[in-house]
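For reference, the chains in residue letters:
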Amino acid sequence: AGAMSIASGVASVPVGVPRATTRRGGPRNATARPRFPRRPRLDAPSASAETSQSAPSSASSATASDARDDLPVRVYIEHTDAYQVVYHSNYFKFLWRAREAYVFGGGLASALRDRTGAPFDPTAAGWDHLDVVAIDDCVFARSAVLGDDLLVRTSLRGIGETTLAMRQEVVFADGGELAFAATATVAPASATGATTTIPREIRGWRAGD
């Protein structure tokens, strides 16, 4: 009888009753995920003034030979687990943010201008965002923890007919030790989600050209 009284006191959810969700499909009462800007400005103040002052500006240093962009990132509590260590999945979010900054913030245009001498505007070309095609060669070298200042380095590796290849590294701002690295292949897409064709004049670029 005691077991039955305990069981009867446990609330249950009727079978077949849909859960309340947001428009994106997640639970309505779920903890909000950190929001990353679609097109962060490369000249915007960093979350860490010290990092911004000590880290070189890639927008001014990018050349046709390295085509690299450095984005400062600080590790906040929302990026970490109960032990204040960065979740593995958040490294991929850092890479995503850095790719968007590189392509839409001026780094790609600067590298291509140095190589071709002609201006390039991804927005004018119909690019709205970057769809991930593949992420390869992932290396988890060292864990970042709460309060660490990081740099996400994005280097252009090649340009095809519909894709861009980039090598990305997350390093510690104080010393440059590697935390995480991966090679990302992305496809520029329009606002409707359609894959866009990369202009012929910039296709065929390869690192070292």
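Cut-offs used in this document
Residues numbered from 1 in each chain as written. Predicted model: local features only at pLDDT ≥ 70, side-chain atom pairs only at ≥ 80, totals over all residues. Heavy atoms only, no water. Helix = DSSP H or I, 4+ residues; strand = E, 2+ residues; numbered from the N terminus. Contact = heavy atoms within 4.5 Å. Areas by Shrake-Rupley, 256 points an atom, 1.4 Å probe, with all protein chains shown as cover. Pairing = 2+ DSSP bridges. Axes fitted to C-alpha atoms, helices over the stretch in contact; angles between N-to-C directions. Expected span 1.5 Å × (residues − 1). Buried < 20%, exposed > 50% of the residue type's maximum accessible area, 1.4 Å probe, protein only. pLDDT = per-residue confidence, 0-100. Phe/Tyr/Trp six-rings, centres within 6.5 Å; stacked < 30°, edge-to-face > 60°. Lys NZ or Arg CZ within 6 Å of the ring centre and 35° of its normal.

The next subject is the overall build of the chain. A count of helical and extended segments in the chain gives 5 helices and 5 strands. Secondary structure of the chain in N-to-C order comes out as α-α-α-β-α-α-β-β-β-β. In the chain, once contacts between residues fewer than 6 apart in sequence are set aside, the share between residues at least 24 apart is 69%. For the chain, the computed accessible surface area is about 12,000 Å², with 51% contributed by carbon and sulfur atoms.

Moving on: the sheet that holds strand β4 (residues 164-172). One open sheet holds the 5 strands; their spatial order is β1-β3-β4-β5-β2, and the pairing between them is antiparallel. Either end of the sheet is taken by a strand with one partner, and the two such strands are β1 (68-74) and β2 (129-140). Here the strands of the sheet are splayed against their neighbours by 25° on average, with no regard to which way each runs. In terms of strand pairing, strand β3 (residues 149-159) meets β4 through 9 bridges, oriented antiparallel. When the bridges of β4 are listed, Ser 155 appears paired with Arg 167. Across the sheet, helix α4 (residues 88-104) lies against β1, β2, β3, β4 and β5 (178-189), angled at about 130° from β2, the strand it touches most.

Further remarks concern α4. For α4, built from 17 residues, the straight-helix expectation of 24 Å at 1.5 Å per residue is met to within 8% by its first-to-last C-alpha distance of 25 Å. Every buried residue belonging to α4 is among Asn 90, Tyr 91, Phe 94, Leu 95, Ala 98, Arg 99, Glu 100, Ala 101, Tyr 102, Val 103 and Phe 104, and all of these are buried. Of the surrounding elements, those touching the buried residues of α4 are β1, α5 (107-116), β2, β3, β4 and β5. Downstream of α4 by one or two residues, Gly 106 has phi in the positive range, about 120°.

Attention now goes to the confidence of the model for the chain. With 67% of its residues at a pLDDT of 70 or more, the chain has an overall mean of 76. The low-confidence segment residues 3-15, where pLDDT is below 50, has 0 contacts with residues more than four positions distant or belonging to other chains. Confidence drops under pLDDT 50 across residues 17-65; counting only partners more than four residues distant or on other chains, this segment forms 66 contacts.

As enumerated under the stated definition, the model contains 7 aromatic pairs in all. Between Phe 92 and Phe 180 the ring centres are 5.2 Å apart and the planes differ by 70°, which places this aromatic pair in the edge-to-face class. Taken together, the residues Phe 92 in helix α4 and Phe 180 in strand β5 connect sequence positions 88 residues apart. A relative accessible area of 28% means that Phe 92 is categorised as partly exposed. Each member of the aromatic cluster is reached from another via a ring pair, and the members are Tyr 91, Phe 92, Phe 94, Phe 140 and Phe 180. When the ring centre of Phe 172 is taken as reference, the NZ or CZ atom of Arg 142 above it lies at 4.0 Å.

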